[in-house]
Amino acid sequence: MLPVNFNTCVGISGVPRFNYAEYAPKQHEYAVLIPIINEGNRIHDELRRAQAAKVSDLADVIICDGGSTDGCTDEAVLRGLDVNALLVKDDVGKQGAQLRMGFHFAKVRGYRGIITVDGNNKDSIEDIPRFIEKLEEGYDLVQGSRFVRGGKAVNTPLFRLLSVKLIHAPIISLAARQRFTDTTNAYRAYSVRYLFDERTAVFRDIFMTYELLAYLSVRATQLGYRACEVPVTRAYPQTGKTPTKISFFKGNWELFRILFANLFGKYAP
């Protein structure tokens, strides 16, 4: 059961139904959206790193939960880790739906820019200032990359490494008409002028899983917006299960299906 201080967002075209709790009002011009579902201590460890790096001095940290049942969204814990708001999806869809509810919340609050990062503690959340710096310079899509100078790829599974370098990045680059090197990486930033441009049209139910990330990787430069990459670190654990929601066969097949659909313009409005 949701706490009594949750509010509900319903009835908006292209925005999933969701409940939300604001632990603090808007404090900054930038928001960090972190989509999660049942991340356990991984999200808490990531938020502790963000806290140590004083990320909340620069941006509002907003959790976009897909319906976790493992206790990782405990209010007292999130408040203690400088989380500004918690959004909880109450509708169909996966990552794409979580991002759409986060984008809507950020739009209503009136942020200048939005950074997204996974909540499984693989990404260098300490690098948030690099994204904000590029947004301040006037870039509209800032892609985090472990493969550019200064970036680090730690313990990346071989299949993923080859898939990104030999298939995903070249195809996204072709569609975007600009070279990108780490296109499956959800660690990125968007200006609101790009994200909420009516020609971008992010609030559509076609974006349910990973379609939105692929689409937003190419739409910016197609519309004449400025895009760049910044170095980040993505570190997989040396042992144990890889923290991911993408299954080896079905999940990767879905990624490739989306990749080619995006290349041929399926997601353009």
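See the structure shown above.
Just so you know, these numbers come straight off a predicted model, no measurement behind them.

Draft legend 1. Layout of the overall build of the chain. Summing up its helical and strand segments, the chain has 8 helices and 11 strands in all. Taking 18 Å as the expected radius of gyration for a compact globule of 269 residues, we find that the chain reaches 17 Å, a close match to that expectation. Principal-axis analysis of the C-alpha atoms gives the chain an extent of 50 × 45 × 40 Å. When each of the 269 residues of the chain is scored for burial, the buried share is 55%. Partitioning the intrachain contacts of the chain with sequence separation of at least 6 by distance along the chain shows that 79% fall at a separation of at least 24.

Draft legend 2. Just helix α1 (residues 41-52), in detail. An ideal rise of 1.5 Å per residue puts 16 Å on 12 residues; α1 measures up with 16 Å between its terminal C-alpha atoms. Those residues of α1 that are buried lie in contact with β3 (30-36), β4 (60-65), α2 (75-80) and β5 (83-89).

Draft legend 3. Looking closely at the packing of aromatic side chains. Using the criterion set out here, one finds 9 aromatic pairs in the structure. Geometrically, the ring pair formed by Y190 and Y194 is tilted, given 6.3 Å between the ring centres and 45° between the ring planes. We note that Y190, like Y194, is buried. A cation over a ring is seen here: K165 above F147, with NZ or CZ 4.3 Å from the ring centre. Here the guanidinium or amino end of R226 rests over the ring plane of Y139, the centre of that ring lying 4.0 Å away.

Draft legend 4. Broad picture of the environment of R109. Within the secondary structure layout, R109 lies in helix α3 (residues 95-109). R109 sits in the buried class, given a relative accessible area of 13%. Spatially, the C-alpha atom of R109 lies 33 Å from that of L263, the residues being 154 residues apart in sequence.

Draft legend 5. The arrangement of the packing of α3 against helix α7 (residues 211-222) in detail. Two elements in contact, α3 and α7, have axes whose closest approach is 7 Å; the angle formed by their N-to-C orientations is 65°. Judged by residue contacts, Q95, G96, L99, R100 and F103 of α3 engage L212, L213 and L216 from α7. Taken together, the residues that form the contact of α3 with α7 break down as 5 nonpolar, 2 polar and 1 charged.

Draft legend 6. Representation of the pattern of salt bridges. Following the criterion strictly, the structure yields 18 salt bridges and no others. For R109, the salt bridge goes to D60, with nearest N and O atoms at 3.9 Å. Taken together, the residues R109 in helix α3 and D60 in strand β4 connect sequence positions 49 residues apart. Here D60 falls in the buried class, since its relative accessible area comes to 1%. A salt bridge links E75 to R79, with the shortest nitrogen-to-oxygen separation between them at 2.8 Å. With a gap of 4 residues between them, E75 and R79 both fall in helix α2, about one helical turn apart. Taking relative accessible area as the criterion, E75 reaches 25% and is therefore assigned partly exposed. Connected through shared salt-bridge partners, E22, D60 and R109 make up one network.

About the thresholds
Residues numbered from 1 in each chain as written. Predicted model: local features only at pLDDT ≥ 70, side-chain atom pairs only at ≥ 80, totals over all residues. Heavy atoms only, no water. Helix = DSSP H or I, 4+ residues; strand = E, 2+ residues; numbered from the N terminus. Rg over C-alpha atoms; globule rule 2.2 N^0.38 Å. Buried < 20%, exposed > 50% of the residue type's maximum accessible area, 1.4 Å probe, protein only. Contact = heavy atoms within 4.5 Å. Expected span 1.5 Å × (residues − 1). Phe/Tyr/Trp six-rings, centres within 6.5 Å; stacked < 30°, edge-to-face > 60°. Lys NZ or Arg CZ within 6 Å of the ring centre and 35° of its normal. Axes fitted to C-alpha atoms, helices over the stretch in contact; angles between N-to-C directions. Nonpolar A, V, L, I, M, F, W, Y, C, P; charged D, E, K, R; others polar. Salt bridge = Lys/Arg side-chain N within 4 Å of Asp/Glu carboxyl O.

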